[in-house]
Amino acid sequence: MPHADASSVTLPVTLALDTATPHLTVALAWPGGQLAESVEVGRAHAERLPAAVREVFTRAGLPFQAQTIVIGTGPGSYTGVRVGASYALGLAAVWGARVLGVSTLEALVIGDGPQGVSLDARKGHVYGAVYDVHADTVTATRHAPAKFTLDGFTALLGDLPHRQDTPPDGLALLRAGLDHGAPDWALAYL
């Protein structure tokens, strides 16, 4: 990925992060470059998030500041979702950045075309949504995020591809946030 000379970077810089799944997902975009990382950390989001965010800025050669933060709002574990949201709000307060929320499910999309994405909600249930996707970015919502039985969601999808419990893509989350992220977001729990 490109490395930036901090003295030549122009605004805006966008940070995206998601802690709703067992993966810690971080992405950064700036004029002329982008970086993303998604690492399985189980329940260690609180311990690993600050260092992971600092590391992505260091790897990019950027000063530790963004003008926009995109947060994956879940669905996810109560603690995991709150860790990411709290960290994002803390950075935003220090940096004077805006925070935009996007469903974590939007970070699970890949490629082009209509597709269903879901996360395990236990006991034979999933939290799923059906999206139209272009260039790894949600362009329309066919079925908004909701809790389904796995069989019910599979029936809803019919012949559409189903991306189930895949690691989030930080750049998909970032693009969705910049395209249609909500400034008045709310957290969703499994």
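Let me begin by describing the structure that accompanies this report. (Residues numbered from 1 in each chain as written. Predicted model: local features only at pLDDT ≥ 70, side-chain atom pairs only at ≥ 80, totals over all residues. Heavy atoms only, no water.)

## Remarks on the overall build of the chain
Now for step 1: Counting secondary structure elements, the chain contains 4 helices and 9 strands.
Now for step 2: Listing each helix as α and each strand as β along the chain from the N terminus yields β-β-β-α-β-α-β-β-β-β-α-β-α.
Now for step 3: For 190 residues, the compact-globule estimate of 2.2 N^0.38 gives 16 Å, and the chain sits close to it at 16 Å.
Now for step 4: Each of the three principal axes of the chain carries a C-alpha extent, and together these read 55 × 30 × 30 Å.
Now for step 5: Taking all 190 residues of the chain together, the buried fraction comes to 47%. (Helix = DSSP H or I, 4+ residues; strand = E, 2+ residues; numbered from the N terminus. Rg over C-alpha atoms; globule rule 2.2 N^0.38 Å. Buried < 20%, exposed > 50% of the residue type's maximum accessible area, 1.4 Å probe, protein only.)

## Notes on the pairing of strand β1 (residues 14-18)
Now for step 1: In terms of residue burial, β1 counts as a mostly covered element, since 5 of its 5 residues are buried.
Now for step 2: Strand direction decides the pairing type here: β1 and strand β2 (residues 23-30), joined by 5 bridges, are antiparallel. Each residue of the ladder has a partner; that of Ala16, found in β2, is Ala27.
Now for step 3: Connecting the antiparallel pair β1 and β2 is a turn made up of 4 residues. (Pairing = 2+ DSSP bridges.)

## Points about the packing of helix α1 (residues 45-60) against helix α2 (residues 78-95)
Between two packed helices, both the angle of their axes relative to each other and the distance between the axes serve to describe the pair.
Now for step 1: Running from N to C, α1 and α2 point in directions that differ by 45°, and their axes come no closer than 10 Å. Comparing their axes, α2 and α1 come out oblique. As for how α1 packs across α2, the hand of that crossing is right-handed. Contacts from His45, Ala46, Leu49, Pro50, Val53 and Phe57 of α1 reach α2 at Val83, Gly84, Tyr87, Leu91 and Trp95.
Now for step 2: Among the residues making up the contact of α1 with α2, the classes are represented as 9 nonpolar, 2 polar and no charged. (Axes fitted to C-alpha atoms, helices over the stretch in contact; angles between N-to-C directions. Parallel < 35°, antiparallel > 145°, perpendicular 65-115°, else oblique. Left-handed = near helix turned anticlockwise from the far one by under 90°. Contact = heavy atoms within 4.5 Å. Nonpolar A, V, L, I, M, F, W, Y, C, P; charged D, E, K, R; others polar.)

## Quick notes on α1
Now for step 1: End to end, α1 covers 22 Å across 16 residues, agreeing with the expected 22 Å (1.5 Å per residue, within 8%).
Now for step 2: All buried positions along α1 are accounted for by His45, Leu49, Ala52, Val53, Val56, Phe57 and Ala60. Axial view of α1: buried residues confined to an arc of 130°, hence all on one face. Residues of α1 that are exposed and point over 90 degrees away from its buried face: Glu47, Ala51 and Thr58.
Now for step 3: Phi turns positive one or two residues past the end of α1, at Gly61, with a value near 75°. (Expected span 1.5 Å × (residues − 1). Arc of directions from axis to C-beta.)

## Digging into the layout of surface pockets
Now for step 1: The volume enclosed by the largest pocket comes to roughly 440 Å³.
Now for step 2: Ala20, Thr21, Pro22, Ser77 and Arg122 are, among the 18 residues lining the largest pocket, the residues nearest its centre.
Now for step 3: Secondary-structure elements contributing two or more residues to the lining of the largest pocket are α1, α2 and β6 (115-122).
Now for step 4: Residue composition of the lining of the largest pocket, by class: 6 nonpolar, 8 polar and 4 charged. (1 Å grid on protein atoms, 1.4 Å probe; cavity = no way out; pocket = protein on both sides within 12 Å on 5 of 7 lines; lining within 4 Å. Points joined across faces, edges and corners; volume = space filled by probe spheres on them.)

## A short note on the packing of aromatic side chains
Now for step 1: Applying the stated criterion across every chain, the model contains 5 aromatic pairs.
Now for step 2: For the pair Phe57 and Trp95, a centre-to-centre distance of 5.8 Å together with 65° between the ring planes defines the contact as edge-to-face. Of the two residues, Phe57 is situated in helix α1 and Trp95 in helix α2; the sequence distance between them amounts to 38 residues. The two residues Phe57 and Trp95 agree in class, both being buried.
Now for step 3: With a relative accessible area of 12%, Trp95 lands in the buried category.
Now for step 4: One aromatic cluster is present, built from ring pairs that chain together Phe57, Phe64 and Trp95.
Now for step 5: The ring of Phe64 has Arg54 lying over it, and the distance from NZ or CZ to the ring centre is 3.7 Å. (Phe/Tyr/Trp six-rings, centres within 6.5 Å; stacked < 30°, edge-to-face > 60°. Lys NZ or Arg CZ within 6 Å of the ring centre and 35° of its normal.)

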